[in-house]
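Chain by chain, the residues:
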Amino acid sequence: EVRADQGDIAAALAAYRASLDISLALAKQRPDDKLLQLALSVSYDRIGDTLTMRNDLGGAVNAYLASLTIRRDMNAAYPNDADVWSHVAVSYERIGDVRTTSGDLAGALEVYSAALQISEQLREANPDDQQWLRAAYVNHQKVAGTYMAQRAIDAALVEFHQALEIAEKLHQQDPDNVNRQYDLS
């Protein structure tokens, strides 16, 4: 991550690919180890993030799809694990971000909506949990932004309104938090 932060994207990508090779070998040895599977999915995310920085959007989507596949498999093995569900949602968000950047708004809306559905389920199961509230807020914002880009103003307003309701609840729970105040703006 330091190399990417310093702008040496090629070195960062090489390091992440080396890390991926190690993660692949470990995960293959212990395919039922949840933490190793998660580490493998994170390796793909880092490669996707780095390829996004290089504007290799096709490569980035492929890396994020590889991560999503692992996380979906984890989700099938651990269907009641909220953290695994959350990781699946994050994969959808990353794919949506790349699709938005590439101009595939319909594809972005599809995966943002999938992330929103997961975050709403997590929020409903834990209505006062700030992590899940924040995830739902972010996903409503992403869906709304995509609707705006598609000029579907009425649909965007519905999503923005739902995001605002969540932001107000988050602010009520932690009124001194600057990030919560910003979310209201």
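Residues numbered from 1 in each chain as written. Predicted model: local features only at pLDDT ≥ 70, side-chain atom pairs only at ≥ 80, totals over all residues. Heavy atoms only, no water.

Chemist: Tell me about the overall build of the chain, and please be specific about residues and values.
Modeler: Helix and strand counts for the chain stand at 9 helices and 0 strands. Counting from the amino terminus, the chain carries its helices and strands in the arrangement α-α-α-α-α-α-α-α-α. Here the C-alpha radius of gyration of the chain, 18 Å, is about what a compact globule of 185 residues would show, namely 16 Å. With the C-alpha coordinates aligned to their principal axes, the bounding extent of the chain is approximately 45 × 35 × 30 Å. For the chain, the residues scored as buried account for 41% of the 185 residues in total. Surface accessibility of the chain: about 10,000 Å² in total, with carbon and sulfur atoms responsible for 51%. Within the chain, one finds 17 positive and 27 negative side-chain charges whose respective centroids are separated by 6 Å. (Helix = DSSP H or I, 4+ residues; strand = E, 2+ residues; numbered from the N terminus. Rg over C-alpha atoms; globule rule 2.2 N^0.38 Å. Buried < 20%, exposed > 50% of the residue type's maximum accessible area, 1.4 Å probe, protein only. Areas by Shrake-Rupley, 256 points an atom, 1.4 Å probe, with all protein chains shown as cover. Lys, Arg positive; Asp, Glu negative; His and termini not counted. Charge placed at Lys NZ, Arg CZ, Asp CG, Glu CD.)

Chemist: So what's going on with the environment of Q162? Residues and values would help.
Modeler: With respect to the helices and strands, Q162 occurs in helix α8 (residues 153–173). For Q162, a relative accessible area of 32% puts it in the partly exposed group.

Chemist: Which residues make up the pattern of salt bridges, and what are the values?
Modeler: Any two side chains of opposite charge can pair, on the condition that their charged atoms come close. Applying the stated criterion to the full structure yields 9 salt bridges. R94 is the partner of D49 in a salt bridge, and the nearest nitrogen-oxygen pair spans 3.2 Å. With a gap of 45 residues between them, D49 in helix α3 (residues 34–53) and R94 in helix α5 (residues 82–102) connect regions that are remote in the sequence. Between D128 and K169 there is a salt bridge; the shortest N-O distance is 3.3 Å. Taken together, the positions of D128 in the loop between α6 (105–125) and α7 (130–149) and K169 in helix α8 put the pair 41 residues apart, joining distant regions of the chain. Taken together, the shared-partner salt bridges connect D45, D49, R71 and R94 into one network. (Salt bridge = Lys/Arg side-chain N within 4 Å of Asp/Glu carboxyl O.)

Chemist: Explain the nonpolar core to me, using residue names and the numbers behind them.
Modeler: L40, I47, Y92, V98 and I118 are the most contacted members of the largest nonpolar core, which totals 30 residues. Counting residues per element, the ones that place at least two in this core are α2 (9–29), α3, α4 (57–77), α5 and α6. Among residues more than four places away in sequence, those in contact with V98 are T52, L57, A60, V61 and Y64. Residues L133, Y137, I166 and L170 belong to the second largest nonpolar core, which totals 7 residues. (Core = buried A, V, L, I, M, F, W, Y, C linked by side-chain atoms within 4.5 Å. Contact = heavy atoms within 4.5 Å.)

Chemist: Could you give an account of a nonpolar patch on the surface, naming the residues involved and the relevant values?
Modeler: A cluster of nonpolar side chains, M148, I153, L157 and F160, forms an exposed patch at the surface whose accessible area comes to about 320 Å². Sorting elements by how many residues they give to the nonpolar patch places α8 first, with 3 residues. Secondary-structure assignment places F160 in helix α8. On the accessibility criterion, F160 (31% relative accessible area) is partly exposed. (Patch = residues over 30% accessible without salt bridge, like charges linked within 9 Å, V, L, I, M, F, W, Y side chains within 5 Å.)

Chemist: For unusual backbone geometry, give the residues involved together with the corresponding values.
Modeler: Backbone geometry at N55 places phi at a positive 65 degrees, although glycine is not the residue there. Note that N55 resides in the loop between α3 and α4. By relative accessible area, which is 56% here, N55 ends up exposed. One non-glycine residue, R151, lies in positive phi territory at about 65 degrees.

Chemist: Which residues make up the packing of α3 against α5, and what values go with them?
Modeler: Helix-helix packing is described using two parameters, namely the angle between the two axes and the distance between the axes. Viewed as axis vectors pointing N to C, α3 and α5 meet at an angle of 15 degrees, and their least axial separation amounts to 12 Å. It follows that α3 is roughly parallel to α5 by the angle criterion. Relative to α5, α3 is oriented so that their crossing is left-handed. Packed against α3, whose contacting residues are K34, L38, D45, D49 and T52, the element α5 presents V84, H87, R94 and V98 at the interface. Broken down by class, the residue content of the contact of α3 with α5 amounts to 3 nonpolar, 2 polar and 4 charged. (Axes fitted to C-alpha atoms, helices over the stretch in contact; angles between N-to-C directions. Parallel < 35°, antiparallel > 145°, perpendicular 65-115°, else oblique. Left-handed = near helix turned anticlockwise from the far one by under 90°. Nonpolar A, V, L, I, M, F, W, Y, C, P; charged D, E, K, R; others polar.)

Worth remembering: the numbers are spatial, not functional.
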